[in-house]
Amino acid sequence: MAEKNIVYFDLETQRSFNDVGGSAHKDKMGMSVGVTYSTGSGEYRIYGEEQVNDLVEELVKADLVVGWNHVEFDYPVLQGYTIYDLPNQTVNLDMMLNLQEVLGFRLKLDAAAEGSLGQHKTADGLDALKWWQEYKKTGSNEPMMKIAEYCAFDVKVTKCVHEFGVENGLIRYHDRGGQLQEAEVSW
């Protein structure tokens with residue numbers, strides 16, 4: 001029997017909540033870059049807005065899509081491009097939503113990565129928005145490469161946090177007081 005194709009996924013947007021009139025309008029935010037890692041192919045794929053249909057197809061065909069807040073953020077952004085009902089036409093493990101059920105609050109990916117892996121994210125979504133604006137103003141590919149690199153690193157961190165949780169049955173994070181805590185997971 002073939003091994004399950006797990007697709008790890010993240011995207012960055014062109015616009016902020018403020019730019020589109022609030023969080024109810026995620027479908028108007030636009031994707032600047034989307035990145036996947038497929039266990040089936042063993043490869044990362046980087047998608048620009050012009051390849052969004054290929055990204056959606058990869059997600060729909062996956063045996064499991066793993067992300068961090070992708071069901072409530074990334075999918076609504078992609079809904080601006082597709083007729084698929086992504087949350088219902090894909091099999092998902094949204095680690096943030098899963099942990100929110102366990103912990104009672106939303107944990108940031110950076111907190112899980114730092115506590116479980118000793119690793120930090122390289123930037124944040126606001127940096128990606130600045131790089132997108134720089135790209136639109138200059139037409140230079142350099143800002144797009146920065147977005148792609150940042151997004152790919154987030155996918156790698158997501159993958160590593162997931163694997164840590166699968167192997168150990170828990171993830172670690174620092175609470176607001178700086179104390180290392182553990183949360184059981186059954187991923």
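Residues numbered from 1 in each chain as written. Predicted model: local features only at pLDDT ≥ 70, side-chain atom pairs only at ≥ 80, totals over all residues. Heavy atoms only, no water.

Colleague: Could you clarify how one ought to interpret the overall build of the protein in this entry?
Modeller: Across its full length, the protein carries eight helices and seven strands. For 187 residues, the compact-globule estimate of 2.2 N^0.38 gives 16 Å, and the protein sits close to it at 16 Å. The principal-axis extents of the C-alpha atoms in the protein amount to approximately 45 × 45 × 30 Å. Of all 187 residues assigned to the protein, the portion counted as buried reaches 45%. Considering only intrachain contacts with a sequence separation of at least 6, the fraction spanning at least 24 residues in the protein is 61%. (Helix = DSSP H or I, 4+ residues; strand = E, 2+ residues; numbered from the N terminus. Rg over C-alpha atoms; globule rule 2.2 N^0.38 Å. Buried < 20%, exposed > 50% of the residue type's maximum accessible area, 1.4 Å probe, protein only. Contact = heavy atoms within 4.5 Å.)

Colleague: Would you take a moment to explain the packing of helix 7 (residues 125–138) against helix 8 (residues 142–168) for this structure?
Modeller: A pair of packed helices is captured by two measures, namely the crossing angle of their axes and the spacing between those axes. Between helix 7 and helix 8, the shortest axis-to-axis distance is 8 Å and the interhelical angle comes to 155°. It follows that helix 7 is roughly antiparallel to helix 8 by the angle criterion. Remark: the crossing between helix 7 and helix 8 carries left-handed chirality. On helix 8, the residues touching Gly 125, Ala 128, Trp 131, Trp 132, Glu 134 and Tyr 135 of helix 7 are Pro 143, Met 144, Lys 146, Ile 147 and Tyr 150. When its residues are assigned to classes, the contact of helix 7 with helix 8 shows eight nonpolar, one polar and two charged. (Axes fitted to C-alpha atoms, helices over the stretch in contact; angles between N-to-C directions. Parallel < 35°, antiparallel > 145°, perpendicular 65-115°, else oblique. Left-handed = near helix turned anticlockwise from the far one by under 90°. Nonpolar A, V, L, I, M, F, W, Y, C, P; charged D, E, K, R; others polar.)

Colleague: Looking at this structure, how should I read the environment of Met 145?
Modeller: Locating Met 145 in the fold gives a position in helix 8. Remark: the alpha-carbon pair of Met 145 and Val 33, spanning 112 residues in sequence, is separated by 9.5 Å.

Colleague: I tried to follow the side chain of Thr 13 on my own but got confused; where do I start?
Modeller: Mapping Thr 13 onto the fold places it in strand 1 (residues 6–13). At a separation of 3.0 Å, a polar atom in the side chain of Thr 13 contacts the main-chain carbonyl oxygen of Arg 15. Setting aside its immediate chain neighbours within four residues, Thr 13 contacts Met 29, Gly 30, Met 31, Ser 32, Phe 73, Val 77 and Leu 129. (Polar contact = N/O pair within 3.5 Å; in protein donor to acceptor, adjacent residues only side chain to side chain.)

Colleague: Quick question: what am I supposed to make of the environment of Lys 136 here?
Modeller: Turning to its location among the elements, Lys 136 is positioned in helix 7. Expressed as a C-alpha distance, the spacing of Lys 136 and Arg 106, which sit 30 residues apart in the sequence, is 33 Å.

Colleague: Sorry, what's going on with helix 7 here?
Modeller: Because an α-helix completes one turn every 3.6 residues, residues spaced three or four positions apart along the sequence face the same direction. For helix 7, which comprises 14 residues, the first-to-last C-alpha distance of 20 Å matches the rise-based estimate of 20 Å (1.5 Å per residue) to within 8%. Buried within helix 7 are the following residues: Ala 128, Leu 129, Trp 131 and Trp 132. Buried residues in helix 7, looked at end-on, bunch into an arc of 160°, giving them a common side. Helix 7 presents Leu 126, Lys 130, Lys 137 and Thr 138 as exposed residues on the side facing more than 90 degrees away from its buried surface. Structurally, helix 7 contributes buried residues whose contacts are with strand 1, strand 2 (31–38) and helix 8. One or two steps after helix 7, the chain reaches Gly 139, where phi turns positive at roughly 75°. (Expected span 1.5 Å × (residues − 1). Arc of directions from axis to C-beta.)

Colleague: I would appreciate a short explanation of the sheet that holds strand 5 (residues 92–94) in the present structure.
Modeller: In a beta sheet, neighbouring strands pair by backbone hydrogen bonds and run either parallel or antiparallel. Taken in spatial order, the five strands line up as 3-2-1-4-5 in an open sheet, and their pairing is mixed. In the strand order of this sheet, the two ends are held by strand 3 (43–48) and strand 5, each with one partner. Averaged over all adjacent pairs, the angle separating strand axes in this sheet is 20°, with direction ignored. Relative to strand 3, strand 2 runs antiparallel, the two being bridged by six bridges. Within strand 3, the position partnered with Val 35 by the bridge is Ile 46. (Pairing = 2+ DSSP bridges.)

Colleague: So what exactly am I meant to see when it comes to the pattern of salt bridges here?
Modeller: Two side chains bearing opposite charge may form a pair once their charged atoms approach each other closely. Under the counting rule described, the total for this entry stands at four salt bridges. Between Arg 106 and Glu 72 there is a salt bridge, and its shortest N-O distance comes to 2.4 Å. Placement of the pair is Arg 106 in the loop between helix 5 (95–103) and helix 6 (109–117) and Glu 72 in helix 3 (residues 70–78), with a sequence separation of 34 residues. A relative accessible area of 45% places Arg 106 in the partly exposed class. (Salt bridge = Lys/Arg side-chain N within 4 Å of Asp/Glu carboxyl O.)

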